[in-house]
Amino acid sequence: MVNQLMNPLAQPLASLGRTGKALEKKLKPLGIETCEDLIFYFPRRFDDFSLVLPIADLRTQITATIRGRIDMIANRRSRRSRMIVTEALVSDASGSIKIVWFNQPFLTKNLQVGDWLSLSGKTSDHYYDLQMVSPVYEKTGSGAENGVRIPDTVFPSLHTARLVPVYSFPANVAQKQFRLLMRTALDRCLPFVKEWLPDDIRAHERYPDLSTALLSIHFPEKQEEYCIAEQRFKFEELFLLQLYCKNLKESLAAQTSCAIPFDQKITKRLIAALPFTLTKEQKTVAWEILCDIQKATPMNRLLQGDVGSGKTIVAILAMLNVVHAGYQCAFMAPTEVLARQHFTTLKKVFADFDVRIALFTAQHHELRIKNQELRIKDYELRDTIANGGVDIVIGTHALIQEKISFKNLAFVIVDEQHRFGVNQRKALREKNSAPITAHVLSMTATPIPRSLALTVYGDLDISTIRALPKGRKKIITKIVPQSYRAWTYDFIRKHVRRGRQAFIVCPIIDQSDILGVRSVKEEYKKLIDGPFRHERVEMLHGRIKTAEKERVMAAFRDHEIDILVTTSVVEVGIDVPNATIVFIEGAERFGLASLHQLRGRVGRADHQSYCFLAPTDEDKEEISRLKAVVSSHDGFALAEKDLALRGEGDILGLRQSGMPRLKIATLTDIELIIKAREYAAAYHSKLNDHPELKNRIATFQDTVHIE
Ligand code: ADP
Ligand code: MG
């Protein structure tokens, strides 16, 4: 048995000798402290130097490795660029070739005539001859052996004549140095690496064992060998993620929440008072939620539905029942504007019900009790919340501040949930003085692609509204080339004269260095002096003070403004049914899901609505991406496409929304995700038989960094 203290995996890098000591500090910021951290730090890519040729067989413009002896080496100063140029002549039995390095004068100290080298790089023409410029070199023998070459097996190559790993790290670390350290660490650690993937999974999937896989992921002999190892590690990561999500779900299921009885009478009364009839899907998802909260285990449900699909009313039906049962609700929105909009909606819907509603944001603390509206101090409202004097509190991030505590919070709604992190949702869930865990309903208009639904959101139950309420017309979407701009402004003017309103969305607020990208401030100036001289135009963006923002939003809603020049702050949730045109500048700078969201700001009533996409430059690839938005009105399809095109890290704020930072797997690999999920389901209950796996999940939970 190996003593744990002797286990080289747990040793610091310094235990790996001089190179280890030298790199210890530089690698710490990357989270590499022990030998184990090091060997699990995978290469970013490979240089393929595996083609080894006799010098005589070289052609121009190929990447290859040669092995030969130095016949001559010297530094000189180049006449024109005043660089130090190191020139060498290297020969093997078949011929010789000129080698050139720039600005590495120390090379002549390391390399001497008679040294045997392995050199990898690209060949190029030099007058009538070939040369190799700045190749990677590796000494395979020195002049002392009188020209007798030492066989490669004594000096297994690391940097040449093979697939050479390239790692990403700060510039002050040299690839060669790092590779050497990696090789040393692998040699020392691999015999001690403990397999944790259950044998039957490995056998069935034909995955290599852990130590073989580690060697292959860093120093594969062949491409295929790397791919097999990569496959194992990708699976491993997704498998762990699945087990982790299952654990989360289980720990939540062990907690208690308030069972909320469904009151049919009062629910019907509210529905009857609405100015519209609920769609079939709204009824279905409301029913799913109402059933969930009847249980004494916490609900954790995601309600996804395209923009304008009417999610708010579904949440309201649930809140009504919670309040009727005597408990409190919290309703968190990502912006002040949106929180206020919800406050207004709720006041209207609950006008004939005995529900006490409050608005709590950084700026505003308002309370409505029995149709009376009060503006009160923040501490007064906090007290009211704490002693149960209010039933529903609507707010922004301000709701999760430490000082707020509820008397009996049973139900939490997080609107536009992708704007919030997992921890923020969790903080809100736990804002309770009573020992109960609140039911959580997260709502989003950015549909979760199926692959994410199966992984990151694996701990959530999902309800979906796919269809929009009846009577909504398809939003006509067009790409506007430069030459049609004037025509489009005319079009907007005509609609404004008929009493409609428009958004003009720019990707940035201020003029920037980015050539040609239109900013809110510049456009605003240009438009009020030019095409929209006679219209009422204002601007709205994230750097305007909250009070002013609210004034502008209210003015737009009350139709005191015709055209709003704005950033994507309007993207989230804003509901102005009279707006029928959204004109998006620099459209290629937005993700597809964002564009779809922006488009969703119009088409909210019976008027025919329009979305114009104006790309900054008419690059073919960008245009074809935009065409996806023109032809598809399906938020799910667009989100899926966005994920595939841009990668998970990049889509619409997903970084903040609980995406794990995966090392090697991708969240788009549906097949592997499904496989990992099936195995996780099978092994989750058997973890006690697999102590290594169980340990591994524990460390994974610490490192997965779900934000
Ligand atoms: P979202 O799902 O994007 O949050 P909202 O809940 O804001 O959408 O609803 C968008 C608009 O549609 C609101 O003005 C709302 O009153 C209206 N609405 C909701 N349900 C229906 C329905 N069944 N029929 C007609 N209009 C509806
Ligand atoms: Mg909404």
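The rules behind each value
- Residues numbered from 1 in each chain as written.
- Chains lettered and ligands numbered in written order.
- Predicted model: local features only at pLDDT ≥ 70, side-chain atom pairs only at ≥ 80, totals over all residues.
- Heavy atoms only, no water.
- Helix = DSSP H or I, 4+ residues; strand = E, 2+ residues; numbered from the N terminus.
- Buried < 20%, exposed > 50% of the residue type's maximum accessible area, 1.4 Å probe, protein only.
- Contact = heavy atoms within 4.5 Å.
- Areas by Shrake-Rupley, 256 points an atom, 1.4 Å probe, with all protein chains shown as cover.
- Lys, Arg positive; Asp, Glu negative; His and termini not counted.
- Charge placed at Lys NZ, Arg CZ, Asp CG, Glu CD.
- Axes fitted to C-alpha atoms, helices over the stretch in contact; angles between N-to-C directions.
- Parallel < 35°, antiparallel > 145°, perpendicular 65-115°, else oblique.
- Left-handed = near helix turned anticlockwise from the far one by under 90°.
- Domains from an automatic or database assignment.
- Phe/Tyr/Trp six-rings, centres within 6.5 Å; stacked < 30°, edge-to-face > 60°.
- Lys NZ or Arg CZ within 6 Å of the ring centre and 35° of its normal.
- Salt bridge = Lys/Arg side-chain N within 4 Å of Asp/Glu carboxyl O.
- Core = buried A, V, L, I, M, F, W, Y, C linked by side-chain atoms within 4.5 Å.
- Near = heavy atom within 4 Å.
- Polar contact = N/O pair within 3.5 Å; in protein donor to acceptor, adjacent residues only side chain to side chain.
- Nonpolar A, V, L, I, M, F, W, Y, C, P; charged D, E, K, R; others polar.
- Pairing = 2+ DSSP bridges.
- Expected span 1.5 Å × (residues − 1).
- Patch = residues over 30% accessible without salt bridge, like charges linked within 9 Å, V, L, I, M, F, W, Y side chains within 5 Å.

## Re the overall build of the chain
(1) Moving on: Of the regular secondary structure elements, the chain holds 22 helices and 23 strands.
(2) Moving on: Each principal axis of the C-alpha atoms in the chain carries an extent, and together these give about 100 × 70 × 45 Å.
(3) Moving on: Counting only residues that meet the buried cut, the chain has 52% of its 707 residues in that class.
(4) Moving on: Contacts in the chain between residues far apart in sequence, at least 24 positions, make up 72% of those at least 6 positions apart.
(5) Moving on: Working note: accessible area of the chain is about 32900 Å², and carbon and sulfur atoms make up 51% of it.
(6) Moving on: Of note, the chain has its 98 positive side-chain charges centred 3 Å away from the centre of its 84 negative side-chain charges.

## Structural notes on the packing of helix H18 (residues 592-599) against helix H19 (residues 620-631)
(1) Moving on: Between H18 and H19, the shortest axis-to-axis distance is 10 Å and the interhelical angle comes to 40°. Put simply, H18 runs oblique to H19. For the crossing formed where H18 meets H19, the hand is right-handed. Counting all contacts with H18, which are made through Leu-592, Leu-595 and Arg-599, the residues of H19 involved are Arg-625, Leu-626, Ala-628 and Val-629.

## Digging into the domain arrangement of the chain
(1) Moving on: Examined at the domain level, the chain breaks down into domain 1 (1-45 + 174-193), domain 2 (51-161), domain 3 (264-294 + 310-444) and domain 4 (476-632).
(2) Moving on: A separation of 60 Å is found between the C-alpha centroids of domain 2 and domain 4.

## A short note on the packing of aromatic side chains
(1) Moving on: Under the definition given, this model contains 22 aromatic pairs.
(2) Moving on: Ring centres of Tyr-207 and Phe-235 lie 5.3 Å apart, and the angle between their planes is 35°; on these two criteria the pair is classed as tilted. A residue pair is termed long-range when its members are at least 10 positions apart, and Tyr-207 in the loop between helix H5 (199-205) and helix H6 (210-218) and Phe-235 in helix H7 (residues 223-253) qualify at 28 residues.
(3) Moving on: Here the aromatic cluster, defined as three or more aromatic residues joined through ring pairs, consists of Tyr-484, Trp-487, Tyr-489, Phe-491, Phe-532, Phe-583, Tyr-610 and Phe-612.
(4) Moving on: Seen from the ring of Phe-219, Arg-183 lies directly overhead, with NZ or CZ sitting 5.5 Å from the centre.
(5) Moving on: Above the plane of the ring of Phe-40 lies Arg-696, whose end atom (NZ or CZ) is 5.8 Å from the centre.

## Looking at the pattern of salt bridges
(1) Moving on: Taken as a whole and assessed by the stated rule, the structure comprises 34 salt bridges.
(2) Moving on: Two residues, Glu-288 and Arg-301, come together in a salt bridge whose shortest N-O distance is 3.6 Å. Pair noted here: Glu-288 is in helix H9 (residues 280-292) and Arg-301 is in strand E9 (residues 300-305), with a separation of 13 residues, a long-range link.
(3) Moving on: Residue classification places Arg-301 among the buried residues on the basis of a relative accessible area of 9%.
(4) Moving on: One salt-bridge network, in which partners are shared between bridges, spans Glu-195, Asp-199, Arg-202, Arg-232, Glu-236 and Arg-696.

## Let's talk about the nonpolar core
(1) Moving on: Counting 65 residues, the largest nonpolar core has Leu-38, Ile-39, Phe-178, Leu-214, Phe-233, Phe-235 and Phe-239 as the members making the most contacts within it.
(2) Moving on: Listed by contribution, the elements that provide at least two residues to this core are helix H1 (18-27), helix H2 (35-39), helix H4 (175-189), H6, H7, helix H14 (450-454), helix H21 (670-683) and helix H22 (691-703).
(3) Moving on: Looking at this core, the element that brings in the most residues is H7, giving eleven residues.
(4) Moving on: Among all residues touching Phe-235, those that are not within four sequence positions of it are Leu-197, Ile-201, Tyr-207, Leu-672, Lys-675, Ala-676 and Tyr-679.

## Side note on the site of ligand 1
(1) Moving on: Among the 16 residues in the neighbourhood of ligand 1, the closest are listed as Thr-277, Gln-282, Gly-308, Lys-311 and Thr-312.
(2) Moving on: Within the backbone of Thr-277, a nitrogen or oxygen atom sits 2.9 Å from a nitrogen atom of ligand 1.
(3) Moving on: Within the backbone of Gly-310, an N or O atom sits 3.1 Å from an oxygen atom of ligand 1.
(4) Moving on: Residue composition of the shell around ligand 1, grouped by class: four nonpolar, seven polar and five charged.

## A short note on the sheet that holds strand E23 (residues 610-614)
(1) Moving on: One open sheet accounts for six strands, arranged E18-E23-E22-E19-E21-E20; its pairing is parallel. The sheet is open, and its two borders are formed by strand E18 (476-479) and strand E20 (537-540), each paired with just one other strand. Each strand axis lies, on average, 15° off the axis of its neighbour in the sheet, ignoring direction.
(2) Moving on: Strand direction decides the pairing type here: strand E19 (residues 501-505) and strand E21 (residues 563-566), joined by four bridges, are parallel. The residue bridging Val-505 from the neighbouring strand is Thr-566, located in E21.

## Points about helix H17 (residues 546-557)
(1) Moving on: Look at H17: 16 Å from first C-alpha to last across twelve residues, which is about the 16 Å you get at 1.5 Å a residue.
(2) Moving on: Turning to H17, its buried residues number three or more, namely Thr-546, Glu-550, Val-552, Met-553, Ala-555 and Phe-556.
(3) Moving on: Directly beyond the C-terminal end of H17, a positive phi value near 60° is found at His-559.

## Brief notes about the sheet that holds strand E11 (residues 357-360)
(1) Moving on: Across the sheet, nine strands lie side by side as E13-E12-E11-E14-E10-E15-E16-E9-E17; this open sheet has mixed pairing. Looking along the sheet, the strands with just one partner apiece sit at the ends: strand E13 (372-375) and strand E17 (461-465). Direction aside, neighbouring strands of the sheet carry axes that sit 15° apart on average.
(2) Moving on: For E11 and strand E12 (residues 365-369), the ladder comprises four bridges, and the chain directions are antiparallel. Considered in E12, the bridge of Phe-360 is made with His-365.
(3) Moving on: Each of E9, strand E10 (328-332), strand E14 (392-395), strand E15 (409-414), strand E16 (439-444) and E17 is contacted by helix H10 (residues 311-324), which is oriented at about 175° to E15, the strand it contacts most.

## Some thoughts on the pairing of E19
Here is the key point about a regular strand: its side chains alternate between the two faces of the sheet.
(1) Moving on: Counting buried positions along E19 yields five of five residues, so the element is predominantly enclosed.
(2) Moving on: Bridge analysis of E19 against strand E22 (residues 579-585) gives five bridges, and the strand direction is parallel. The partner of Val-505 across the bridge, within E22, is Ile-584.

## Some thoughts on unusual backbone geometry
(1) Moving on: Unlike most non-glycine residues, Ser-134 shows phi in positive territory, near 45°.
(2) Moving on: Inspection of the secondary structure assignment puts Ser-134 in the loop between strand E6 (129-133) and strand E7 (136-141).
(3) Moving on: The exposure class of Ser-134 is partly exposed, given its relative accessible area of 39%.
(4) Moving on: With phi around 55°, Ala-161 is a residue other than glycine that occupies positive phi space.
(5) Moving on: When its relative accessible area of 15% is taken as the criterion, Ala-161 is described as buried.

## Points about the environment of Ser-405
(1) Moving on: Within the element layout of this structure, Ser-405 appears in the loop between E14 and E15.
(2) Moving on: Its relative accessible area of 28% is what places Ser-405 among the partly exposed residues.
(3) Moving on: The contact partners of Ser-405, leaving out residues within four places of it in the chain, are Ile-385, Ala-386, Lys-431 and Ser-433.

## As for helix H15 (residues 485-497)
(1) Moving on: Over its 13 residues, H15 runs 19 Å from end to end, which matches the ideal 18 Å to within 8%, given 1.5 Å per residue.
(2) Moving on: Those residues of H15 that are buried are in contact with E19, helix H16 (520-529), E21, E22 and E23.
(3) Moving on: Phi turns positive one or two residues past the end of H15, at Gly-499, with a value near 95°.

## Quick notes on a negative patch on the surface
(1) Moving on: Together, Asp-617, Glu-618, Asp-619 and Glu-621 give the surface a local cluster of negative charge.
(2) Moving on: Residue position: Asp-619 is located in the loop between E23 and H19.
(3) Moving on: By relative accessible area, which is 36% here, Asp-619 ends up partly exposed.

## Section: the packing of helix H11 (residues 336-349) against H17
(1) Moving on: It is the contact of H11 with H17, at a shortest axis distance of 10 Å, that shows an interaxial angle of 50°. In terms of axis orientation, H11 runs oblique to H17. Where H11 crosses over H17, the two elements pack in a sense that is right-handed. Side by side, H11 and H17 meet where Glu-336, Val-337, Arg-340 and Gln-341 of the first sit next to Thr-546, Lys-549, Glu-550, Met-553 and Arg-557 of the second.
(2) Moving on: A breakdown of the residues in the contact of H11 with H17 according to their chemical character gives two nonpolar, two polar and five charged.

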